Amino acid sequence: MRSAPQILVLGSLNMDLLLRVPRAPQAGETLIGHSLVLLPGGKGGNQAVSCARQGASVRLLARIGDDADGRALRDALVQDGIALDALQVDPQEPTGRALVMLEDSAQNRIVVLPGANAALQADAAVLAQQLRGAQFFVTQLESPLAVVLAAVAAAYRAGCPVLLNPSPMQPLPDSLWPQLDTLVVNELEAAAYAGCAVTTPQEAAAAGQLLRARGVARVVVTLGAQGAVTVEQVGCRWQPAPHVQAVDTTAAGDTFAGALAVALARGQGLAEAVARGVRAAAVCVTRVGAQVAIPMAREVDAQAMPPAAKELP
């Protein structure tokens, strides 16, 4: 039996209001929607759940409000075995919320109200305790940037590899890049940070090389249905995705990041880990919702293998 790697996740927790619509309304237009449901979400929670369902022992550093949404999110995380001894409860701000408008085409549009997430704190002593024994530190940018930067620096000093998914995108200091073991960006983020167009695997590889030149050990550029491109010292590879019928892409990137982190923490190479992430994301997009759509390890095992990876110049 494979051992469970220890992973610390710092990030957001949101209650998602999932609104299903035929299509997004135009300015000034009123549409009749299909349904509205509340589901656990937030990039930090999603990535923690993905790591846990791939077999990791996960700790989550996050902040919720003292309200019904916060309690529901906490209870859902407990069901996945995620350690919440560092979970903060805000006495004033409400739990974060996200309005997710899901079109019949599987396209989504998301607006986040941070709430308690914006007050997340990262005490140095707490960070040091949570990082003890961790084999990977995973974070995103739905938490205050100053907190994320301090946590990344603490993980780097502790010798814990850092996986950063810089979403939602915002400017980052030059000092951050060399502290990253693995940078995971989608095509829009890669284009913005690298300053070049990213629509094809070849362009993704070029952008990844520019980002790696800033000091990042390895870069992964996700391309949705096209799969993902890896850029590391040994070269660039394009891992195509298996063909599936997508119904909701909301948590696909978080599912990918979690599966990738667990595989890397187990000592797998980047190419093998990315193939695992692509398979996990392919399962996720066939389901509606965020955390409810994230697959278990056995479901990823049952997913068809993706096409063979291809070397890129």
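Fair warning: this is a prediction, and the values are worked out from it, not measured in the lab. (Residues numbered from 1 in each chain as written. Predicted model: local features only at pLDDT ≥ 70, side-chain atom pairs only at ≥ 80, totals over all residues. Heavy atoms only, no water.)

Caption draft 1: Structural view of the overall build of the protein. For the protein, the count of helices and strands is nine helices and 15 strands. Expressed as lengths along the three principal axes of its C-alpha atoms, the size of the protein is roughly 50 × 50 × 40 Å. Among the 313 residues that make up the protein, the fraction classed as buried is 54%. Considering only intrachain contacts with a sequence separation of at least 6, the fraction spanning at least 24 residues in the protein is 70%. Counting every atom, the protein has about 13100 Å² of accessible surface; 55% of that belongs to carbon and sulfur. Side-chain charges of the protein comprise 23 positive and 26 negative groups, with the mean position of each set lying 6 Å from the other. (Helix = DSSP H or I, 4+ residues; strand = E, 2+ residues; numbered from the N terminus. Buried < 20%, exposed > 50% of the residue type's maximum accessible area, 1.4 Å probe, protein only. Contact = heavy atoms within 4.5 Å. Areas by Shrake-Rupley, 256 points an atom, 1.4 Å probe, with all protein chains shown as cover. Lys, Arg positive; Asp, Glu negative; His and termini not counted. Charge placed at Lys NZ, Arg CZ, Asp CG, Glu CD.)

Caption draft 2: Structural detail: the sheet that holds strand β14 (residues 235-239). Ordered by their spatial adjacency, nine strands build an open sheet running β4-β1-β9-β10-β11-β12-β13-β14-β15, and the pairing between neighbours is mixed. Looking at the sheet topology across the chains shown, the edges are occupied by β4 (57-61) and β15 (310-312). Between one strand and the next, the sheet's axes are offset by a mean angle of 20 degrees, whatever the strand orientation. Bridging between strand β11 (residues 182-186) and strand β12 (residues 218-222) involves five bridges; their strand directions are parallel. (Pairing = 2+ DSSP bridges. Axes fitted to C-alpha atoms, helices over the stretch in contact; angles between N-to-C directions.)

Caption draft 3: A look at helix α6 (residues 201-212). End to end, α6 covers 16 Å across 12 residues, agreeing with the expected 16 Å (1.5 Å per residue, within 8%). The complete set of buried residues in α6 reads Pro201, Ala204, Ala205, Ala207, Gly208 and Leu211. Projected down its long axis, α6 carries its buried residues within an arc of 165 degrees, all on one side. Looking at the buried positions of α6, the neighbouring elements they touch are β11, α5 (187-194), β12, β13 (228-232), β14 and β15. (Expected span 1.5 Å × (residues − 1). Arc of directions from axis to C-beta.)

Caption draft 4: Seen up close, the pairing of strand β1 (residues 6-10). The buried count for β1 comes to four of five residues, which makes it a mostly enclosed element. Note that β1 and strand β9 (residues 136-140) share four bridges and pair parallel. Considered in β9, the bridge of Ile7 is made with Phe136.

Caption draft 5: Seen up close, the sheet that holds strand β8 (residues 108-113). Strand order in the open sheet made by the four strands is β3-β2-β7-β8, with mixed pairing throughout. With one partner strand each, in any of the chains shown, β3 (35-41) and β8 form the two edges of the open sheet. Going across the sheet, the axis of each strand differs from the next one's by a mean of 20 degrees, ignoring polarity. As paired strands, strand β2 (residues 14-21) and β3 are joined by seven bridges and run antiparallel to one another.

Caption draft 6: Summary view of α5. Residues of α5 that are buried include every one of Glu189, Ala190, Ala191, Tyr193 and Ala194, and no others. Along its buried surface, α5 packs onto β10 (162-165), β11, α6 and β12. The N-cap residue of α5 is Asn186: its side-chain oxygen and the backbone nitrogen of Leu188 are 3.1 Å apart. One or two positions beyond α5, positive phi appears at Gly195, with a value near 75 degrees. (Polar contact = N/O pair within 3.5 Å; in protein donor to acceptor, adjacent residues only side chain to side chain.)

Caption draft 7: Summary view of the packing of aromatic side chains. For the structure shown, the criterion picks out one aromatic pair. With a centroid separation of 5.6 Å and an interplanar angle of 75 degrees, the aromatic rings of Trp177 and Tyr193 are classed as edge-to-face. Here Tyr193 lies in helix α5 and Trp177 lies in the loop between β10 and β11, a separation of 16 residues in the sequence. (Phe/Tyr/Trp six-rings, centres within 6.5 Å; stacked < 30°, edge-to-face > 60°.)

Caption draft 8: Fine view of the state of the cysteines. Taken as a whole and assessed by the stated rule, the structure comprises zero disulfides. Looking at the unpaired Cys196, the closest cysteine sulfur is the one in Cys236, lying at 12 Å. (Disulfide = S-S within 2.5 Å.)

Caption draft 9: Highlighting the pairing of β11. Counting buried positions over the five residues of β11 gives four, a clear majority of the element. For β10 and β11, the ladder comprises two bridges, and the chain directions are parallel. What sits directly across from Leu164, in β11, is Leu183.

Caption draft 10: Just the pattern of salt bridges, in detail. If you walk through the whole model with that rule in mind, you get 12 salt bridges. Notably, a salt bridge pairs Arg97 with Asp69, separated by 2.8 Å at the nearest N-O pair. On the criterion of sequence distance, the pair formed by Arg97 in strand β7 (residues 96-103) and Asp69 in helix α2 (residues 68-79) is long-range, its members being 28 residues apart. Using a relative accessible area of 31% as the deciding quantity, one classes Arg97 as partly exposed. Residues Asp301 and Arg276 are paired through a salt bridge, measuring 2.6 Å at the closest nitrogen-oxygen approach. On the criterion of sequence distance, the pair formed by Asp301 in helix α9 (residues 297-302) and Arg276 in helix α8 (residues 270-284) is long-range, its members being 25 residues apart. (Salt bridge = Lys/Arg side-chain N within 4 Å of Asp/Glu carboxyl O.)

Caption draft 11: Local environment of the environment of Leu18. Among the structural elements, Leu18 can be located in strand β2. Judged by its relative accessible area of 4%, Leu18 is buried. Spatially, the C-alpha atom of Leu18 lies 12 Å from that of Val112, the residues being 94 residues apart in sequence. The contact partners of Leu18, leaving out residues within four places of it in the chain, are Ser35, Leu36, Val37, Leu39, Val100, Leu102, Val288 and Gly289.

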